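# Inside the fold
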Amino acid sequence: MTPGLRYLPGHLALPDQRQLVENLRAAVAAAPLFVPVMPRTGRPFSVRMTNLGPLGWVSDRGGYRYQPGHPVSGTPWPPIPPLLLDLWRSLSGYPHDPEACLVNFYSGGAKMGLHRDEDEEDFSAPVVSVSLGDTAVFRIGGPDRGGRTTTIKLQSGDVLVMGGAARLCYHGIDRVLGGTSTLLKDGGRINLTLRRVRKP
Ligand code: MD3
Ligand code: FE
């Protein structure tokens, strides 16, 4: 397996998953899901997104970047809930709190192509990810595009910590398996990624 990847199946108990969904419902009311588009082409992502924390990741025709407010309303992103800060403090091994929590919402046939997370200034911090709702087929490769890849089925409550060499590996979501979880009333999947953006 990839050095620096920690896969923690079922790390988050059901009551904590439910708590997070409740936190996210309130957050999405304040900072609605938006549809990012690809730089230059303007092709829409199939995943809808929002963010929590001082900075949020956005993508538009101008490029990928982190910014302090919502791309439509300009409103500051809602705070990162305490449960997620506790999770980061217990798993990241990094002495500063995350600055961004990207919220990805997958419904219908949404997927995410292979990519690297490289818009951050500080790669010494890991990315911590939480999966909620329907199971996803997650693919991870190495540091170069076109290398061999492996897949992991990510279920609700699974946590991934991507540190060390894994931090800059290619990864993506091939598909989401509908009807595999009852956590979200209308189905679908939420992925949360906690990130450090700037050097402390
Ligand atoms: C491996 N999200 O938001 S989470 C993303 O399930 C992203 O929505 C996927 O890729 C999702 O950028 C995958 C697991 C994950 C997150 C960050 C990583 C894997 C990673 C960063 C580096 C390497
Ligand atoms: Fe990613």
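Because the structure is predicted, anything quoted here is derived from the model rather than measured.

What counts and what doesn't
Residues numbered from 1 in each chain as written. Chains lettered and ligands numbered in written order. Predicted model: local features only at pLDDT ≥ 70, side-chain atom pairs only at ≥ 80, totals over all residues. Heavy atoms only, no water. Donors = N, O, S within 2.8 Å, 3.2 Å for Na, K, Ca; no water. Helix = DSSP H or I, 4+ residues; strand = E, 2+ residues; numbered from the N terminus. Buried < 20%, exposed > 50% of the residue type's maximum accessible area, 1.4 Å probe, protein only. Polar contact = N/O pair within 3.5 Å; in protein donor to acceptor, adjacent residues only side chain to side chain. Near = heavy atom within 4 Å. Areas by Shrake-Rupley, 256 points an atom, 1.4 Å probe, with all protein chains shown as cover. 1 Å grid on protein atoms, 1.4 Å probe; cavity = no way out; pocket = protein on both sides within 12 Å on 5 of 7 lines; lining within 4 Å. Sits in = over half its atoms within 2 Å of the grid points. Pairing = 2+ DSSP bridges. Points joined across faces, edges and corners; volume = space filled by probe spheres on them. Nonpolar A, V, L, I, M, F, W, Y, C, P; charged D, E, K, R; others polar. Contact = heavy atoms within 4.5 Å.

## Observations regarding the coordination of the iron ion (ligand 2)
Protein coordination at the iron ion (ligand 2) comes from His115 (NE2), Asp117 (OD) and His171 (NE2), with a distance range of 2.0 to 2.2 Å. Spacing between the donor residues of the iron ion (ligand 2) along the chain follows H-x1-D-x53-H. Within this pair, whereas Asp117 is found in the loop between strand 6 (112–115) and strand 7 (127–133), its partner His171 is found in strand 11 (residues 171–177), the two being separated by 54 residues in sequence. The burial state of Asp117 is the same as that of His171; both residues are buried.

## What to know about the environment of Trp77
Relative to the helices and strands, Trp77 resides in the loop between strand 4 (63–67) and helix 2 (82–91). A relative accessible area of 6% places Trp77 in the buried class. Each C-alpha atom of the pair Trp77 and Arg139 lies 29 Å from the other, and the pair is 62 residues apart in sequence. Looking at Trp77, its side chain comes within polar contact range of the main-chain oxygen of Gln67, at 2.8 Å.

## Quick word on the site of ligand 1
Of all residues adjacent to ligand 1, which total 20 residues, the nearest are Asn104, Tyr106, His171, Arg189 and Arg195. One of the side-chain nitrogen or oxygen atoms of Tyr106 is found 2.5 Å away from an oxygen atom of ligand 1. Between ligand 1 and Arg189 there is a distance of 2.9 Å, counted from an oxygen atom to a side-chain nitrogen or oxygen. In isolation ligand 1 offers 490 Å² of accessible surface; the protein chains occlude 98% of this area. One can see that ligand 1 is located within the largest pocket. Elements with a contribution of two residues or more to the shell around ligand 1: strand 5 (100–106), strand 6, strand 7, strand 10 (159–162), strand 11 and strand 12 (189–195).

## What about the pairing of strand 5?
In terms of residue burial, strand 5 counts as a mostly covered element, since 7 of its 7 residues are buried. Neither face of strand 5 is left uncovered, since the one carrying Ala100, Leu102, Asn104 and Tyr106 and the one carrying Cys101, Val103 and Phe105 both have all their residues buried. Inspection of the sheet shows strand 5 paired to strand 12 by 7 bridges, in the antiparallel sense. Among the inter-strand pairings, Phe105 is bridged to a residue of strand 12, identified as Ile190.

## Some words on the layout of surface pockets
Roughly 870 Å³ of volume is contained in the largest pocket. Met112, Gly113, His115, Asp117 and His171 are, among the 42 residues lining the largest pocket, the residues nearest its centre. Going through the elements one at a time, strand 4, strand 5, strand 6, strand 7, strand 8 (135–140), strand 10, strand 11 and strand 12 are the ones with two or more residues in the lining of the largest pocket. Of the residues in the lining of the largest pocket, the class split is 22 nonpolar, 9 polar and 11 charged. What the second largest pocket holds in volume is close to 260 Å³. Val21, Leu24, Arg25, Val28, Leu33, Val103, Phe105, Leu184, Lys185, Asp186, Gly187 and Ile190 are the residues that line the second largest pocket. Elements with a minimum of two residues in the lining of the second largest pocket: helix 1 (14–30) and strand 5.

## Things to note about the side chain of Ser92
Tracing the chain through its elements places Ser92 in the loop between helix 2 and strand 5. Ser92 sits in the buried class, given a relative accessible area of 11%. Looking at Ser92, its side chain comes within polar contact range of the main-chain nitrogen of Tyr94, at 3.0 Å. Leaving out residues up to four positions away in the same chain, Ser92 has contacts with Pro126 and Val128.

## Describing the pairing of strand 7
Where burial is concerned, most of strand 7 is hidden: 7 out of the 7 residues are buried. Two elements, strand 7 and strand 10, share 4 bridges in a ladder whose sense is antiparallel. What sits directly across from Ser129, in strand 10, is Leu160.

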